[in-house]
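The chain contents come next:
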Amino acid sequence: MFYHLLKYVLLGPLLRLLFRPRTEGLEHIPEEGPAIVAGNHLSFSDHFLMPAVLRRRITFLAKQEYFTGPGIKGRLTAAFFRSAGQIPVDRSSKEAGKAAIREGLGVLSRGELLGIYPEGTRSHDGRLYKGKVGVAVMAIKAGVPVIPCAMVGTFEIQPPGKVVPRVRRVTVRFGAPLDFSRFAGLEDEKAAIRAVTDEIMYEILALSGQEYVDAYAADVKAAEAEKAAAPRRFPRRGR
């Protein structure tokens, strides 16, 4: 109920008016039945702009931090995501990852659209990072198509750290559905799920035109943060 109120009355019309999103490949989204929409993740705005252009409801696996933030802002964010039917995902361990996959499979079993960002976190520099394999496990287990999606321009309107997005036009681009039925029964095979994930990421890359980094975004961010926090050492002056 609240989802449709947001999409068609409160938030959706405002987003379409301000950002005038161009849509490409919308015909690739099935009118009914389960499917996974796998996209790049450049901005907090992605959560709102992609659903705003879709005719169908889409449920995202959203990071748990959106539901547990402190203060008034944290409570408002949590209330918004819960009311919109989004699912919190704990990314702290392999067991937590399995729980997220179960939640995603539940959405697909109801014949709905599932939205997921295979990178696992927002890109901090606008590049596309290596995908995590959960999307492949769900696609193979559920036997559903994966529609690649590229958000173009959202990093420029709201990069990490910017609270209020700039008002500029963005593009939401969908690719042809990817069929992974040839991998049926191989969701526990590491080589198979890595191959499926890489194929999905390649299609996202082709749609977005981003620079690709063959490393996990979270690992790169952690390494950069550690480097920035390390004390600087200055060479001793000769006597």
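The coordinates are above.
A.B. asks: Even after reading the chapter, I still don't get the overall build of the chain, so can you show me in this structure?
C.D. replies: Looking only at helices and strands, the chain has 10 helices and 9 strands in total. For the chain, buried positions account for 44% of its 239 residues. Roughly 13100 Å² of accessible area belongs to the chain as shown, and the carbon and sulfur atoms make up 55% of that amount.

A.B. asks: What is the right way to look at the pattern of salt bridges in this model?
C.D. replies: Opposite charge on two side chains permits pairing when their charged atoms draw close. Counting across every chain of the model gives 6 salt bridges. The closest approach of N and O atoms between arginine 127 and glutamate 211, which form a salt bridge, is 3.5 Å. Here arginine 127, found in the loop between strand 5 (113-116) and strand 6 (128-129), pairs with glutamate 211, found in the loop between helix 9 (190-208) and strand 9 (212-213); they are 84 residues apart in sequence, far enough to count as distant. Classification of arginine 127 by relative accessible area gives partly exposed; the value is 24%. We note a salt bridge from glutamate 199 to arginine 182, for which the minimum N-O separation is 2.8 Å.

A.B. asks: Any chance you could explain the nonpolar core here in plain terms?
C.D. replies: One recurring pattern in soluble globular proteins: nonpolar side chains tend to sit buried together. Ranked by internal contacts, the top residues of the largest apolar core, which has 29 residues, are Ile36, Val146, Phe180 and Ile200. In this structure valine 146 touches Ile36, Ala38, Ala139, Ala176, Pro177, Leu178, Phe180 and Ile200, once residues within four positions along its chain are discounted. Among the nonpolar cores identified, the runner-up in size contains 23 residues, and Leu49, Met50, Ile147 and Val172 belong to it.

A.B. asks: How should the environment of methionine 201 be read in this particular structure?
C.D. replies: Within the secondary structure, methionine 201 is located in helix 9. Residue class for methionine 201 comes out buried when judged on its relative accessible area of 3%. Not counting residues up to four positions away in its chain, the partners in contact with methionine 201 are Pro118, Glu119, Leu128, Tyr129 and Gly131.

A.B. asks: Mind showing me how you'd approach the sheet that holds strand 5 here?
C.D. replies: Strand pairing in a sheet is mediated by backbone hydrogen bonds. Such pairs are either parallel or antiparallel. Spatial ordering of the open sheet is given by 1-8-7-2-5-3-4, a layout of 7 strands whose pairing is mixed. Strands at the two margins of the open sheet, each flanked by one partner only, are strand 1 (22-24) and strand 4 (87-89). Ignoring which end each strand starts from, the neighbouring axes of this sheet average 25 degrees apart. Looking at chain direction, strand 1 and strand 8 (residues 171-174) are connected through 3 bridges and run parallel. What sits directly across from glutamate 24, in strand 8, is arginine 173.

Scoring rules and cut-offs
- Residues numbered from 1 in each chain as written.
- Predicted model: local features only at pLDDT ≥ 70, side-chain atom pairs only at ≥ 80, totals over all residues.
- Heavy atoms only, no water.
- Helix = DSSP H or I, 4+ residues; strand = E, 2+ residues; numbered from the N terminus.
- Buried < 20%, exposed > 50% of the residue type's maximum accessible area, 1.4 Å probe, protein only.
- Areas by Shrake-Rupley, 256 points an atom, 1.4 Å probe, with all protein chains shown as cover.
- Salt bridge = Lys/Arg side-chain N within 4 Å of Asp/Glu carboxyl O.
- Core = buried A, V, L, I, M, F, W, Y, C linked by side-chain atoms within 4.5 Å.
- Contact = heavy atoms within 4.5 Å.
- Pairing = 2+ DSSP bridges.
- Axes fitted to C-alpha atoms, helices over the stretch in contact; angles between N-to-C directions.

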